Every structure is written in structure tokens, then in C-alpha cells.
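In case you want the letters, here they are:
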Amino acid sequence: MITISSKARKMLKKQGLGGDAFVRILVKTGGCAGMTYEAEIAEVMWPGEDIAFQDNEVTIISDHESMAFLNGLKIDYSDDLISAGYRFRNDTNESSCGCGASFALAGFPTLDQGGTSCDC
């Protein structure tokens with residue numbers, strides 16, 4: 001289950017979500033804690049992707065490898081002055097880095113794909 005706050009929904013619509021557009025969320029290796037969420041608004045699904053979440057306003061797609069890491073994901077948006085942006089929180093995280101940009105989950109395999117690093 002994925003939860004999206006009303007503030008995040010509003011901002012996603014403002015940034016182009018709707019019609020044929022959906023949110024792509026992928027989990028990549030990297031960051032201080034081991035894994036990071038990457039998200040974008042897109043209109044074309046890639047091979048190996050499926051719908052991870054859908055309601056009457058938002059569709060989220062992801063690749064098969066990332067799907068297991070999306071259960072319990074909560075998406076919010078913060079408009080605070082210093083670090084405005086989307087917040088991805090998952091209560092199944094075993095740990096996260098100090099800046100909150102990466103996470104680790106207990107009992108999950110590592111990702112096979114490459115990743116990015118955290119600028120902590």
C-alpha cells in the first residue's frame with residue numbers, strides 16, 4: 001500500500017500529473033544507507049514496469065525489482081524554506097541516513113541495478 005498526502009497530490013498535479021501522465025518510482029542502490037527512491041512524472045511505461053498503485057487521481061508505476069520496496073511508502077510534500085520537496089517515508093525502513101535521502105530495509109535482498117550516491 002502506498003499513501004499520498006493531499007499536499008503531495010496537489011503538487012504532482014501542478015507539475016503535470018493527469019491525463020496519460022503517471023508517477024514512476026524506482027529504488028536505486030546508493031546513498032549513505034544503501035538505497036534511494038527516484039521519482040519522475042512520465043507518460044510512457046518501460047518494459048518490465050507495472051502499476052504499483054492507482055486511484056482516481058494518481059497512478060504510480062515501478063519496475064519489478066523496485067516493487068517490493070514500495071509497500072508502506074508514504075509520499076508527502078514539504079514547502080519549508082530550506083529543503084522544500086517531496087518526502088518519501090517508509091515505516092518498514094530498518095534505517096535511514098542523516099539527511100533522510102536514503103534508506104535500508106531489514107530482510108530484503110540487495111538491488112541488482114546500479115545507483116546514485118547521496119550528497120550528505
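Structure's up top.
What counts and how
- Residues numbered from 1 in each chain as written.
- Predicted model: local features only at pLDDT ≥ 70, side-chain atom pairs only at ≥ 80, totals over all residues.
- Heavy atoms only, no water.
- Pairing = 2+ DSSP bridges.
- Helix = DSSP H or I, 4+ residues; strand = E, 2+ residues; numbered from the N terminus.
- Contact = heavy atoms within 4.5 Å.
- Axes fitted to C-alpha atoms, helices over the stretch in contact; angles between N-to-C directions.
- Polar contact = N/O pair within 3.5 Å; in protein donor to acceptor, adjacent residues only side chain to side chain.
- Phe/Tyr/Trp six-rings, centres within 6.5 Å; stacked < 30°, edge-to-face > 60°.

Here we come to the sheet that holds strand 1 (residues 3-4). One open sheet holds the 3 strands; their spatial order is 1-6-7, and the pairing between them is mixed. The open sheet has two free edges, formed respectively by strand 1 and strand 7 (85-90), since each of these has just one partner strand. Sheet topology note: the strand 6 (residues 73-78)/strand 7 ladder contains 6 bridges and is antiparallel. Bridge pairing in strand 7 places Asp 76 opposite Arg 87. The sheet contacts of helix 1 (residues 6-14) involve strand 1, strand 6 and strand 7, and relative to strand 6 the element is tilted by about 70 degrees.

Bridge count between strand 1 and strand 6: 2 bridges; the pairing is parallel. Within strand 6, the residue paired with Ile 4 across the bridge is Ile 75. Hairpin connection of strand 6 to strand 7: 6 residues between the antiparallel strands.

A word on the pairing of strand 4 (residues 49-54). By the bridge criterion, 5 bridges tie strand 4 to strand 5 (residues 59-63) in an arrangement that is antiparallel. Among the inter-strand pairings, Gln 54 is bridged to a residue of strand 5, identified as Thr 59. What sits between the antiparallel neighbours strand 4 and strand 5 is a turn of 4 residues.

Inspection of the secondary structure assignment puts Asn 90 in strand 7. Side-chain polar atoms of Asn 90 contact the backbone oxygen of Phe 69, separated by 3.4 Å. A distance of 3.1 Å separates the side chain of Asn 90 from the backbone oxygen of Asn 71, its partner in a polar contact.

Mapped onto the fold, Ile 61 is located in strand 5. For the pair Ile 61 and Phe 22, spaced 39 residues apart in the sequence, the C-alpha separation amounts to 7.2 Å. When neighbours within four sequence positions are excluded, Ile 61 is seen to be in contact with Phe 22, Val 23, Arg 24, Ile 25, Met 45, Glu 49, Asp 50, Ile 51 and Ala 52.

Going through the model one piece at a time under the given rule, you end up with 2 aromatic pairs. For the ring pair Tyr 77 and Tyr 86, a centre distance of 5.0 Å and an interplane angle of 70 degrees mean the geometry is edge-to-face.

Moving on, we get to the environment of Tyr 86. Along the chain, Tyr 86 falls in strand 7. A sequence separation of 78 residues divides Tyr 86 from Ala 8, and the C-alpha atoms of the two residues are 7.0 Å apart. Not counting residues within four places of it along the chain, the set of residues in contact with Tyr 86 comprises Ala 8, Met 11, Leu 12, Gln 15, Ile 75, Asp 76 and Tyr 77. Within the structure, the side chain of Tyr 86 is placed 3.3 Å from the backbone nitrogen of Leu 12, a separation counted as a polar contact. Separated by 2.7 Å, the side chains of Tyr 86 and Gln 15 make a polar contact.

It is worth stressing that arrangement in space is one thing and function is another; only the former is reported here.
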